[in-house]
Amino acid sequence: MTSNDRGERTDRRDAVSLAAAVSNMKVEFVMGVRGESILGDALPPGGQAESLKLGRGIKGSWRSHMNALQQVVFQNLSTALIFEDDVDWDIRLRPQLQALPSPPAGVPRQPADTESSIGRHSNLLADPNDPSVPMPGHVRAHPFGPLDGLGETHEPHTRVYHHASGGALCTAPYAVSQRGARRLLHEFGIKKWSRIWDVEMGDCGVREKEMRDATTDDKKRRGQRKCITTQPPIFAHHHPFGGESNIGRLGGGYARNVETKYVRLSTRMNLEELLRGDPEETLVDQWPDY
């Protein structure tokens, strides 16, 4: 996991360490990088005119993620889940992740409205009976954001799996294979980087889809990325009081409630109960059915 500081936010380390422990996860911290410490010569040549102008928080975030990818490559890990230190997840994380690469047998393919935000995604697969998905009235990315389009196109408690097609913001978590980590590190650590990291990652999915749709040439087919995502997301940022992004200074003053969007049985919100060993049926559901 990456941290956007150099160890000063011990509160975040304590929280994510405990959340991982009660989830039977082992995490390895990657020290955050301060943007002011990054030399101009260390920026990839492609897009350097733009990247030199970016704020130090954006530069530091980019390099922190490059360092995480570098460690995946260096340790020759077959797969890795990279996330930032303010992330939260449902206590039912393991079955959620087990369903992601190969959705459960019998999950029906559901047609989507081609004009909707969901309908634009190809190879859509929908699980209409996921109890960890909140009701549509609760499905939004930010306290002041609009409701997600998912509720207009699918039945309540539906989670969809599809090829990423851009527009993603906030790299709360992402999983990479060894091959994927090498390619991301090559493209954004060596070749070109010019924007905040989550936007670059989101556009990776767009380019992957365009390449997949546009050609059957063998060389280009080998170059395709396989970017799969879900809606609603499985992970989300936890909003503490007055939560403000350390990267782009976003969200300050608006996140007035302690909460995690999209996540029903929040690990962080139920941390004390989980440490006590309380049963699941007694935990607080942030977004109960109504």
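A quick note: this is a predicted structure, and the numbers were derived from the prediction, not measured. Residue numbers here run from 1 along each chain, matching the order of that chain's written sequence. Where local features are concerned, this predicted model is filtered to residues with pLDDT of at least 70; where side-chain atom pairs are given and counted, the filter is 80 or more; whole-chain, interface and lining totals use all residues. Excluding hydrogens and water, the side-chain figures rest on all heavy atoms present in the structure.

Caption draft 1: Looking closely at the packing of aromatic side chains. Aromatic pairing here means that ring centres of Phe, Tyr or Trp (its six-membered ring) are within 6.5 Å. Orientation follows from the plane angle: under 30 degrees is stacked, over 60 is edge-to-face, and everything else is tilted. All chains considered together, the criterion is met by 5 aromatic pairs. Pairing Trp-62 with Trp-193 gives two aromatic rings, centres 4.4 Å apart and planes at 10°, and the pair type is stacked. Highlighted residues: Trp-62 in helix H3 (residues 56–74) and Trp-193 in the loop between helix H6 (178–191) and helix H7 (197–214), separated in sequence by 131 residues. Using a 1.4 Å probe on the protein chains alone, a residue whose accessible area is under 20% of its type maximum counts as buried, one over 50% counts as exposed, and one in between counts as partly exposed. Residue class for Trp-62 comes out buried when judged on its relative accessible area of 0%. Ring centres 5.9 Å apart and planes at 65° place the aromatic pair Phe-83 and Trp-89 in the edge-to-face group. Of the two residues, Phe-83 and Trp-89, neither departs from the other in class, the shared state being buried. Members of the aromatic cluster, each reached through a chain of ring pairs, are Phe-83, Trp-89 and Phe-235. Criterion for a charge above a ring: Arg CZ or Lys NZ at most 6 Å from the ring centre, at most 35 degrees from the ring normal. Here Arg-13 stacks its cationic end above the ring of Phe-29, 4.4 Å away from the centre of that ring. Over the aromatic face of Trp-62 sits the side chain of Arg-63, whose NZ or CZ is 5.4 Å from the ring centroid. Helix and strand definitions follow DSSP, with helices as H or I runs of at least four residues and strands as E runs of at least two, each counted in order from the N terminus.

Caption draft 2: A look at the sheet that holds strand E7 (residues 235–239). For two strands to be treated as a pair, DSSP must find no fewer than two bridges joining them. Pairing is antiparallel in the open sheet, where 3 strands are placed in the order E2-E7-E8. The open sheet has two edge strands, strand E2 (87–89) and strand E8 (259–260), and neither has a second partner. Relative to E8, E7 runs antiparallel, the two sharing 2 bridges. Each residue of the ladder has a partner; that of His-239, found in E8, is Glu-259.

Caption draft 3: How the structure looks around the side chain of Asp-86. Position of Asp-86 among the secondary structure elements: in the loop between strand E1 (79–83) and E2. Only four residue types enter the charge count: Lys and Arg as positive, Asp and Glu as negative, with His and the chain ends excluded. The term salt bridge refers to a side-chain nitrogen of Lys or Arg lying within 4 Å of a carboxyl oxygen of Asp or Glu. Of the buried charged residues, Asp-86 lacks a salt bridge, with Arg-12 as the closest side chain of opposite charge at 4.4 Å. Polar contacts, as used here, are pairs of N or O atoms within 3.5 Å; protein pairs need one atom able to donate a hydrogen and one able to accept it. Residues neighboring in sequence count only if both atoms are side-chain atoms. Side-chain polar atoms of Asp-86 contact the side chain of His-237, separated by 2.9 Å. What makes two residues a contact is simply this: any of their non-hydrogen atoms within 4.5 Å. In contact with Asp-86, other than residues within four places in its own chain, are Arg-12, Ala-236, His-237, His-238 and Arg-268.

Caption draft 4: Representation of the nonpolar core in the model. Counting residues in hydrophobic clusters, the biggest one holds 22 residues, and the most contacted among them are Trp-62, Leu-69, Val-176 and Trp-197. Going through the elements one at a time, H3, E1, strand E5 (173–177), H6 and H7 are the ones with two or more residues in this core. With 6 residues, H3 is the largest single contributor of residues to this core. If near-sequence neighbours (up to four positions away) are discounted, Leu-69 is found in contact with Ile-82, Tyr-174, Val-176, Ala-181, Leu-184, Leu-185 and Trp-197. Nonpolar cores are built from buried Ala, Val, Leu, Ile, Met, Phe, Trp, Tyr and Cys residues. Side-chain atoms within 4.5 Å join them into one set. Of all hydrophobic cores here, the second largest spans 9 residues; its members include Val-16, Ala-19, Ala-172 and Ile-234.

Caption draft 5: Here's a closer look at the sheet that holds strand E3 (residues 125–127). Read from one edge to the other, the open sheet built from 3 strands follows the order E3-E4-E6, with strand pairing classed as antiparallel. Taken across any chain shown, the strands that pair with only one partner, and hence form the sheet edges, are E3 and strand E6 (228–231). Each neighbouring strand pair of the sheet contributes to a mean axis angle of 20°, computed without reference to strand direction. Sheet topology note: the E3/strand E4 (residues 159–163) ladder contains 3 bridges and is antiparallel. Bridge assignment links Ala-126 to a residue of E4, and that residue is Val-160. Helix axes are fitted only over the stretch in contact, all axes being lines through C-alpha atoms; the angle between N-to-C directions runs from 0 to 180 degrees.

Distances and angles like these do not, on their own, reveal function.
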